[in-house]
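# Residue-level structure breakdown
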Amino acid sequence: MRLFLGVDGGQSRTKAWIGDESGRVLGAGAGGPCNHVGASEGAAKLTRAVMECVGKACAHAGLDPAATQYEAACFGMSGGPEDKEALLGRILRAGKLVVTHDGLIALSGATAGEPGVITIAGTGSFAFGRNEAGETARAGGWGYIFGDEGAGFDIARQALRAALRYEEGWGPSTALRERLLAATGAASALDALHWFYTEEYPRSRVAGFATLVDRAAADGDEVAANILGGAAQALALLAAAVRRQLWRSGETVRIAYAGGVFRSERLLERFRMLAEMEGGSRCRAPVHDPVEGGLLEAYRAAGLRVQLKAGAEFGL
């Protein structure tokens, strides 16, 4: 039996799916986060995470991890593939090993392997696309200092800036100040600002406060609504930039989205509207998760096009 492996290596956890040549999913497993290899203990953490999730997927499929060889394996890695391929090549045996970034497997999963564009907005943001010729392009993903427009951290940062302006008397009234103070326990927006610079508030934690903006907007806060509207516009611009690099004007293009920011119905509705203003663009919800996209890319590397067959028990 020919086996294929797809892995989604993220900063929160790592997921693996194993399938056979027909697209039938045999096993799934999850492990810890894949840290950057160059970071302290990064290589060891990456090895543990991959061995854990692949080991669980093998156990689920009734396979011996030490004896299993894959026809092809695809790893979509947060932080990029450059420093991980050699290490992953030592961890498992695969006839073809593809180590790529998380945008590719997110796109492949979202469109079931078909051409299109995906905008990803979690803590950070970027857009990635692939056309019918296999050409790829991206936009954004510059990090929280120079980019990540429309992402969770950016939304929370703008909320705190609005609260600071209101507190100092040079910005409009907004409920965001009181909501941020209640959520953090800070005595003032200025105190919250200083806290957000400490190790107690990593970027992922700060990004979580984007949900406060969504709730404030739903309750009628105009400042919060404007922040979400601006975020949706920035994310739609990223998608449009990728679209223009890969398709001619008017061509039909599927636009997908992924990431926690899109849990905001208000933001998602506006993103869809703006994305479809470009003639031929059709905004649709993702078909599959990124780990499924990783498995589809493993099949693609072996020259196969399949439809995944998996039950609810694989929803890791």
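Residues numbered from 1 in each chain as written. Predicted model: local features only at pLDDT ≥ 70, side-chain atom pairs only at ≥ 80, totals over all residues. Heavy atoms only, no water.

## Overview of the packing of helix 9 (residues 210-218) against helix 10 (residues 222-246)
Formally: To get an axis, a line is fitted to the C-alpha atoms, and for a helix only the part in contact is used. The angle between two axes follows their N-to-C directions and goes from 0 to 180 degrees. Numbering of helices and strands runs from the N terminus, with a helix taken as a DSSP run of H or I at least four residues long and a strand as a DSSP run of E at least two residues long. For classification, angles of less than 35 degrees are called roughly parallel, those exceeding 145 degrees roughly antiparallel, those between 65 and 115 degrees roughly perpendicular, and all remaining angles oblique. For any helix crossing, the convention is left-handed if the near helix is rotated counterclockwise from the far helix by under a right angle, and right-handed if that rotation is clockwise. Any two residues whose heavy atoms approach within 4.5 Å are treated as being in contact. When residue character is reported, Ala, Val, Leu, Ile, Met, Phe, Trp, Tyr, Cys and Pro are called nonpolar, Asp, Glu, Lys and Arg charged, and the others, Gly included, polar.
Where helix 9 contacts helix 10, the two axes come as close as 7 Å, and the packing angle between them is 120 degrees. Taken together, the axes of helix 9 and helix 10 lie oblique to each other. By crossing handedness, the relation of helix 9 to helix 10 is classed as left-handed. Contacts between helix 9 and helix 10 pair Val213, Asp214, Ala216 and Ala217 from the former with Ala224, Ala225, Ile227 and Leu228 from the latter. Residue classes in the contact of helix 9 with helix 10 are distributed as seven nonpolar, no polar and one charged.

## With respect to the sheet that holds strand 2 (residues 14-20)
What counts here: Two strands form a pair only when DSSP identifies at least two bridges running between them.
Read from one edge of the open sheet, five strands run 3-2-1-4-5, paired in mixed fashion. Sheet topology places strand 3 (25-31) and strand 5 (93-101) at the edges, where each strand pairs with a single neighbour. Within this sheet the neighbouring strands show an average axis-to-axis angle of 15 degrees, counted without direction. With eight bridges connecting them, strand 4 (residues 69-77) and strand 5 associate as parallel partners. The partner of Phe75 across the bridge, within strand 5, is Val99. This element, helix 1 (residues 42-61), spans strand 1 (3-9), strand 2, strand 3 and strand 4 of the sheet and lies at about 145 degrees to strand 3. Across the sheet, helix 12 (residues 290-301) is in contact with strand 1, strand 2, strand 3, strand 4 and strand 5; its angle to strand 1 comes to roughly 140 degrees.

## Description of the environment of Gly19
Along the chain, Gly19 turns up in strand 2. Residues Gly19 and Ile105, 86 residues apart in the sequence, show an inter-C-alpha distance of 16 Å. Ignoring sequence-local partners within four residues, the contact set of Gly19 consists of Arg2, Leu3, Phe4, Arg24, Val25, Leu26, Leu295 and Tyr299.

## Regarding the sheet that holds strand 8 (residues 136-140)
In sheet architecture, strand pairing relies on hydrogen bonds along the backbone and comes in two forms, parallel and antiparallel. Strand order in the open sheet made by the five strands is 8-7-6-9-10, with mixed pairing throughout. Strands with a single pairing partner mark the edges of an open sheet, and in this sheet they are strand 8 and strand 10 (281-283). Shown here is a sheet whose adjacent strand axes are inclined to one another by a mean of 20 degrees, direction ignored. Where strand 9 (residues 253-258) lies against strand 10, three bridges are found, and the strand directions are parallel. In the sheet register, Ile255 faces strand 10, and the bridge partner there is Cys283.

## Thoughts on the side chain of Glu297
Selection rule: Within 3.5 Å is the distance limit for a polar contact, defined as a pair of N or O atoms, with the added protein rule that one can donate a hydrogen and the other accept it, and that residues adjacent in sequence qualify only through two side-chain atoms.
Summarising the element assignment, Glu297 is placed in helix 12. Within the structure, Glu297 has its side chain in polar contact with the side chain of Arg130 (distance 2.8 Å). Residues in contact with Glu297, not counting those within four places in the same chain, are Cys74, Leu104, Ser108 and Arg130.

## Regarding the pattern of salt bridges
Threshold: Note on definitions: salt bridges are taken to be side-chain nitrogens of Lys or Arg within 4 Å of carboxyl oxygens of Asp or Glu. Partly exposed residues are those whose accessible area sits between 20% and 50% of the maximum for their type, while under 20% is buried and over 50% is exposed, using a 1.4 Å probe and protein chains only.
Summed over the entire model, instances satisfying the criterion amount to eleven salt bridges. The shortest N-O distance in the salt bridge between Asp154 and Arg157 comes to 2.6 Å. Placement of both Asp154 and Arg157 in helix 5 (residues 152-168) is noted, with a separation of three residues, approximately one turn of the helix. Overall, Arg157 belongs to the partly exposed group, its relative accessible area being 34%. The network of salt bridges with common partners includes Glu167, Arg177 and Glu178.

## Concerning the packing of helix 5 against helix 7 (residues 189-196)
Their axes nearest at 9 Å, the elements helix 5 and helix 7 cross at an angle of 145 degrees. Along this stretch, helix 5 crosses helix 7, giving a crossing that reads as left-handed. In this structure, helix 5 contributes Leu160, Ala163, Leu164 and Glu167 to the contact, and helix 7 contributes Ala189, Leu190, Ala192, Leu193 and Phe196. Grouping the amino acids of the contact of helix 5 with helix 7 by side-chain chemistry returns eight nonpolar, no polar and one charged.

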